[in-house]
Amino acid sequence: DVQLQASGGGLVQAGGSLRLNCAASGFGSDDYAIAWFRQVRGKEREGISCLSSDGRTMYDNSVKGRFTISSDTAKNTVYLHMNSLKPEDTAVYYCAADLGRCSLWSRTYSWWGQGTLVTVSS
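What counts as what
- Residues numbered from 1 in each chain as written.
- Predicted model: local features only at pLDDT ≥ 70, side-chain atom pairs only at ≥ 80, totals over all residues.
- Heavy atoms only, no water.
- 1 Å grid on protein atoms, 1.4 Å probe; cavity = no way out; pocket = protein on both sides within 12 Å on 5 of 7 lines; lining within 4 Å.
- Points joined across faces, edges and corners; volume = space filled by probe spheres on them.
- Nonpolar A, V, L, I, M, F, W, Y, C, P; charged D, E, K, R; others polar.
- Helix = DSSP H or I, 4+ residues; strand = E, 2+ residues; numbered from the N terminus.
- Polar contact = N/O pair within 3.5 Å; in protein donor to acceptor, adjacent residues only side chain to side chain.
- Buried < 20%, exposed > 50% of the residue type's maximum accessible area, 1.4 Å probe, protein only.
- Contact = heavy atoms within 4.5 Å.
- Salt bridge = Lys/Arg side-chain N within 4 Å of Asp/Glu carboxyl O.
- Disulfide = S-S within 2.5 Å.

Considering the layout of surface pockets
Phase 1 of the analysis: Counted as a void, the largest pocket has a volume near 250 Å³.
Phase 2 of the analysis: In terms of lining, the largest pocket is formed by 16 residues, of which the most central are Phe 27, Tyr 32, Ile 34, Thr 73 and Asn 76.
Phase 3 of the analysis: Looking at the lining of the largest pocket, its residues break down into six nonpolar, nine polar and one charged.
Phase 4 of the analysis: Approximately 200 Å³ is the volume attributed to the second largest pocket.
Phase 5 of the analysis: Forming the walls of the second largest pocket are Asp 31, Tyr 32, Ser 52, Ser 53, Asp 54, Arg 56, Thr 57, Met 58, Gly 100, Arg 101 and Cys 102.

Digging into the side chain of Arg 38
Phase 1 of the analysis: Along the chain, Arg 38 turns up in strand β4 (residues 32–39).
Phase 2 of the analysis: Looking at Arg 38, its side chain comes within polar contact range of the side chain of Asp 89, at 2.9 Å.

Here's the deal with unusual backbone geometry
Phase 1 of the analysis: Its identity as a non-glycine residue notwithstanding, Asn 76 has a phi of 50 degrees, on the positive side.
Phase 2 of the analysis: Tracing the sequence through the fold places Asn 76 in the loop between β7 (67–72) and β8 (77–82).
Phase 3 of the analysis: Residue class for Asn 76 comes out partly exposed when judged on its relative accessible area of 49%.

Topic: the environment of Gly 26
Phase 1 of the analysis: Summarising the element assignment, Gly 26 is placed in the loop between β3 (18–25) and β4.
Phase 2 of the analysis: Between the C-alpha atom of Gly 26 and that of Gly 16, which follows or precedes it by 10 residues, the distance is 34 Å.
Phase 3 of the analysis: Beyond its immediate sequence surroundings of up to four residues, Gly 26 is in contact with Asp 1 and Val 2.

A short note on the pattern of salt bridges
Think of it this way: side chains of opposite charge can pair up when their charged atoms draw near.
Phase 1 of the analysis: If you walk through the whole model with that rule in mind, you get four salt bridges.
Phase 2 of the analysis: Here Glu 46 and Arg 38 are joined by a salt bridge, their closest N and O atoms 3.3 Å apart.
Phase 3 of the analysis: By relative accessible area, Glu 46 is classed as partly exposed at 38%.
Phase 4 of the analysis: Across the pair Asp 54 and Arg 56 runs a salt bridge whose closest N-O atoms are separated by 3.4 Å. A single burial state applies to Asp 54 and to Arg 56, both of which are exposed.
Phase 5 of the analysis: Here the salt bridges share partners, and the residues they tie into one network are Arg 38, Glu 46, Arg 66 and Asp 89.

Quick notes on the state of the cysteines
Phase 1 of the analysis: Within this structure, the stated rule accounts for two disulfides.
Phase 2 of the analysis: There is a disulfide in this structure between Cys 22 and Cys 95, and the S-S distance comes to 2.3 Å. The sign of the S-S torsion, about 75 degrees, decides the handedness of the disulfide formed by Cys 22 and Cys 95: right-handed. Taken as a pair, Cys 22 in strand β3 and Cys 95 in strand β9 (residues 91–99) lie far apart in primary sequence, 73 residues in all.
Phase 3 of the analysis: Note on Cys 22: relative accessible area 0%, which makes it buried.
Phase 4 of the analysis: Disulfides within the protein link the bonded cysteines, taken in sequence order, as 1-3, 2-4.

So this is what it looks like as structure tokens:
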């Protein structure tokens, strides 16, 4: 049984940095992928980054070069380091997981955290 808990959101000024956390459990020895999504009110949820258990990563062009996904296996946690934040990064951020390869398509993921709000002021 996979469980995810997202945290670390908050209010920051444009150009600032923030680190989001996704505490994950229940994967056992299976291959898996963990991804970060974000959703703006009234719009569809979109994938921004993914990390698989074999170390592969994927980024959406909107965050490439600014955001970095990483993990701490000992702490069972996946991170999203966000730098050079822009007002358009404002959204509720979710972590998601599934067995298999990395993807930024939300329909490929079976398990979701509750989301954490990131607000970037201009």
